[in-house]
Amino acid sequence: MRKLLIVLSVCLIEVALVQELSIPNRQLNDNLHWIKPCDHQDPNKNNCFRDLLQSIVAKVIKGIPEVDIKPFDPLSLNEIKVHRTAGQIITLEGGFDNVKVYGLTNTSIPQAYFNMQKKLMNFKMEIPKIRLSSSYRLKGNILLLPIVGNGNINILLKNVKTTIYTKFSLKNLPEEAINFEVMRVVLDIEKLRIHLDNLFNGNKELEASFLMLLNQNSKEIFAELRTDLQYELAKIFIEIWNDVFNKIPLKHMLT
């Protein structure tokens, strides 16, 4: 189910953002008018850094072709496998194909903290709405009820809030740039809605009853998935953010 967790946020987010991002040792140095550098000794540097992160997110979501960063709204994933056999209310086997995640364009950075001396960077990311669609094939149990089917799935997440805590170092790549060494993610979602077609071999009455029960208990389902989801997101986000920050020399962000 850990792979499912990845989908549910990127839902979950912010995310999100996993694409073919990287060309080794290639950095941005021209046409960086979209970056307004910050003075790391300024008492108000956190507000400046929040705005800096917002501009970077907005640019990256649209894509930066000169370093092979492609647009990722929608974010596309070919396949996500599902394997969860030891959950209290969820056990599933199967997967998702041709996954599309919409809504990342509206990502905002309401708060940020930056400390060069301690090499700490923390920030919040908020997305009003994320919509995920794909085909699915699943077999197992949710809420102690058996589930089996294959068809289309749509997931809607509202008010996705992510807080990211990081520890970074500086590396020459070839110019000096930020490289994240440690990342921790805290995730919260206000509302989660799920719809699956063709459950229970097309039994519409059973399908409707199950989906009602599923959505009525979405908070409990998310609570069970949250710890694993945060762990998986941290692994994905550290790769994504390093792919971005490694490509922006520090001299363009800080003065």
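In what follows, the accompanying structure is described. (Residues numbered from 1 in each chain as written. Predicted model: local features only at pLDDT ≥ 70, side-chain atom pairs only at ≥ 80, totals over all residues. Heavy atoms only, no water.)

1. Things to note about the pairing of strand β1 (residues 75–84)
Part 1 of the reasoning: As defined by bridge partners, β1 adjoins strand β2 (residues 90–102) across nine bridges and the pair is classed as antiparallel. Bridge pairing links histidine 83 to glutamate 93 in β2.
Part 2 of the reasoning: Hairpin geometry of β1 and β2 is characterised by an intervening segment of five residues between the two adjacent antiparallel strands. (Pairing = 2+ DSSP bridges. Helix = DSSP H or I, 4+ residues; strand = E, 2+ residues; numbered from the N terminus.)

2. Some thoughts on the environment of phenylalanine 200
Part 1 of the reasoning: Tracing the chain through its elements places phenylalanine 200 in the loop between β6 (176–196) and α3 (204–216).
Part 2 of the reasoning: On a C-alpha basis, the gap between phenylalanine 200 and phenylalanine 210 in space is 9.7 Å, while along the polypeptide they are 10 residues apart.
Part 3 of the reasoning: Ignoring sequence-local partners within four residues, the contact set of phenylalanine 200 consists of Pro146, Ile147, Val148, Leu206, Glu207 and Phe210. (Contact = heavy atoms within 4.5 Å.)

3. Topic: the nonpolar core
Part 1 of the reasoning: Formed by 77 residues in total, the largest nonpolar core has its most connected members in Trp241 and Phe245.
Part 2 of the reasoning: The leading source of residues in this core is helix α4 (residues 218–245), at 12 residues.
Part 3 of the reasoning: For tryptophan 241, the residues in contact, after removing those within four places along its chain, are Val57, Phe123, Met125, Ile164, Phe180, Met183 and Asn246. (Core = buried A, V, L, I, M, F, W, Y, C linked by side-chain atoms within 4.5 Å. Buried < 20%, exposed > 50% of the residue type's maximum accessible area, 1.4 Å probe, protein only.)

4. Describing the packing of aromatic side chains
Part 1 of the reasoning: Following the criterion strictly, the structure yields six aromatic pairs and no others.
Part 2 of the reasoning: For the ring pair phenylalanine 180 and phenylalanine 245, a centre distance of 5.3 Å and an interplane angle of 75° mean the geometry is edge-to-face. Placement of the pair is phenylalanine 180 in strand β6 and phenylalanine 245 in helix α4, with a sequence separation of 65 residues. One exposure class covers both phenylalanine 180 and phenylalanine 245, and it is buried.
Part 3 of the reasoning: Each residue in the set Phe123, Phe180, Trp241 and Phe245 is aromatic and connected to the rest through ring pairs, giving one cluster.
Part 4 of the reasoning: The positively charged end of arginine 131 is found above the aromatic ring belonging to tyrosine 102, 4.4 Å away from the centroid. (Phe/Tyr/Trp six-rings, centres within 6.5 Å; stacked < 30°, edge-to-face > 60°. Lys NZ or Arg CZ within 6 Å of the ring centre and 35° of its normal.)

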